[in-house]
Amino acid sequence: MNAPTVTQRIRRLIFEHFDRHGVPPVVEQLMVEFSLARDDAAEILRELDAARHIALVRGTARILMAFPYSAIATPFRVTTKERTYFANCAWDAVAFHAMLDEADVTVDSACHHCAEPIHIEMRGGSASVVEPADAIVYLALKPTQWWEDIVTTCSNTMVFFSSEAHRDASDLCAPPEQAASLTPDQVHALSGPIYRTKFAVDYARPGKDELLAHFAALGLTGEYWKL
Ligand SMILES: [Zn+2]
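Presented here is an overview of the structure given in this document.

1. Looking at the coordination of the zinc ion
So, point 1. All of the protein donors around the zinc ion are C111 (SG), C114 (SG) and H166 (ND1); their distances to the metal are 1.9 to 2.2 Å.
So, point 2. Read from N- to C-terminus, the donor residues coordinating the zinc ion fall into the pattern C-x2-C-x51-H. Of this pair, C114 sits in the loop between β6 (105-110) and β7 (117-123) while H166 sits in helix α7 (residues 164-169); the two residues are 52 residues apart in sequence, bridging distant segments of the chain.
So, point 3. Judged by relative accessible area, C114 falls into the partly exposed class, the value being 36%.

2. A word on the side chain of T153
So, point 1. Along the chain, T153 turns up in helix α6 (residues 150-157).
So, point 2. Every residue in contact with T153, bar those within four places of it in the chain, is listed here: L141, Q145, W146 and M158.

3. Structural notes on the pairing of strand β9 (residues 136-139)
So, point 1. Of the two faces of β9, the one lined by I136 and Y138 and the one lined by V137 and L139 are each fully buried.
So, point 2. Bridge analysis of β9 against strand β10 (residues 158-161) gives 4 bridges, and the strand direction is antiparallel. Within the sheet, the bridge partner assigned to L139 lies in β10 and is M158.
So, point 3. The sheet contact formed by β9 and strand β11 (residues 180-182) spans 3 bridges and is antiparallel. Looking at the pairing, L139 lines up with A180 of β11.

4. Here's the deal with the side chain of H17
So, point 1. On the secondary structure map, H17 appears in helix α1 (residues 6-21).
So, point 2. The buried category is assigned to H17, whose relative accessible area is 15%.
So, point 3. At a separation of 2.8 Å, a polar atom in the side chain of H17 contacts the main-chain carbonyl oxygen of V23.
So, point 4. Beyond its immediate stretch of four places on either side in the chain, H17 contacts G22, V23, P24, P25 and Q29.

5. A look at the sheet that holds strand β2 (residues 63-66)
So, point 1. With antiparallel pairing, the 3 strands of this open sheet are ordered in space as β1-β2-β3. Of all strands in the sheet, those bounded by a partner on one side alone are β1 (54-56) and β3 (69-70).
So, point 2. Sheet topology note: the β1/β2 ladder contains 3 bridges and is antiparallel. Pairing of A55 across the sheet is with M65, part of β2.
So, point 3. Relative to the sheet, helix α3 (residues 38-50) contacts β1 and β2, its axis offset from that of β1 by approximately 120°.

Basis of the calculations
- Position numbers for residues start from 1 in each chain and track the written sequence from start to end.
- At least 70 in pLDDT is required for a residue's local features to be given in this predicted model, at least 80 for side-chain atom pairs to be given and counted, and no such filter applies to totals for whole chains, interfaces and linings, which use all residues.
- Think of the side-chain values as coming from all heavy atoms in the structure, minus any hydrogens and water.
- Donor atoms (N, O, S) are those found within 2.8 Å of the metal centre, with the cutoff raised to 3.2 Å for Na, K and Ca; water is not part of the atom list, so apparent gaps in a site can occur.
- Helix and strand assignments follow DSSP, with helices taken as H or I runs no shorter than four residues and strands as E runs no shorter than two, numbered in order from the N terminus.
- Buried means the residue's accessible area, taken with a 1.4 Å probe over protein chains only, is under 20% of the maximum for its type, while exposed means over 50%, and partly exposed covers the values in between.
- We call two residues in contact when some of their heavy atoms are within 4.5 Å.
- Strands are treated as partners if at least two bridges between them are detected by DSSP.
- A 3.5 Å cut-off defines polar contacts: any pair of N or O atoms within that distance qualifies, except that in protein one atom must be a possible hydrogen donor and the other a possible acceptor, and neighbouring residues in sequence count only when both atoms are side-chain atoms.
- In this analysis, axes come from line fits to C-alpha atoms, helices being fitted only over the stretch in contact, and the angle between any two N-to-C directions falls in the range 0 to 180 degrees.

Structure below.
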């Protein structure tokens, strides 16, 4: 392996910092740690944003999201043996289990329709507790739309419902071919190639062909899953 670039090392530091402290590092920490001028540190953060590793607060060099971590409070609370985190969306909450080598993860959230508590325990590669039992993860936009505005997508369109009935009663409910309803186990399987190696310095997001093959291997082959 080639020596990691500063951009790769900063990406990994962001994830390690979230892991240890529950919040992202600030630009000044990167300036000191990597001997960078402010503009150069900010430029690297913008590169990581453009490469879809993180999302910045618009118009700033402040880190809002490093998928699956959120820097601000959200309805997607994740608890590990060590600490509590906020995830960006329902998918990101379940994805902590894949990212953390299938360590025990508890997700506490709420139905997007009625705010009823939803409690999920991910253990050894599957959901050992899902309360209420019919709770689903709902993706209200198609994959081709996710990155048009990822902050909006994560914040507003990837949610939990306590049941399909509450999904159907919600304003968010889209026509079936334009949305996906998944079980926590399906979301865990979906997360593997995207989240499993987030802490590796040479982490790369899977390409389109790799993702399509992964969707197909999980039986996710309908019109919705085209990229
Ligand atoms: Zn509900």
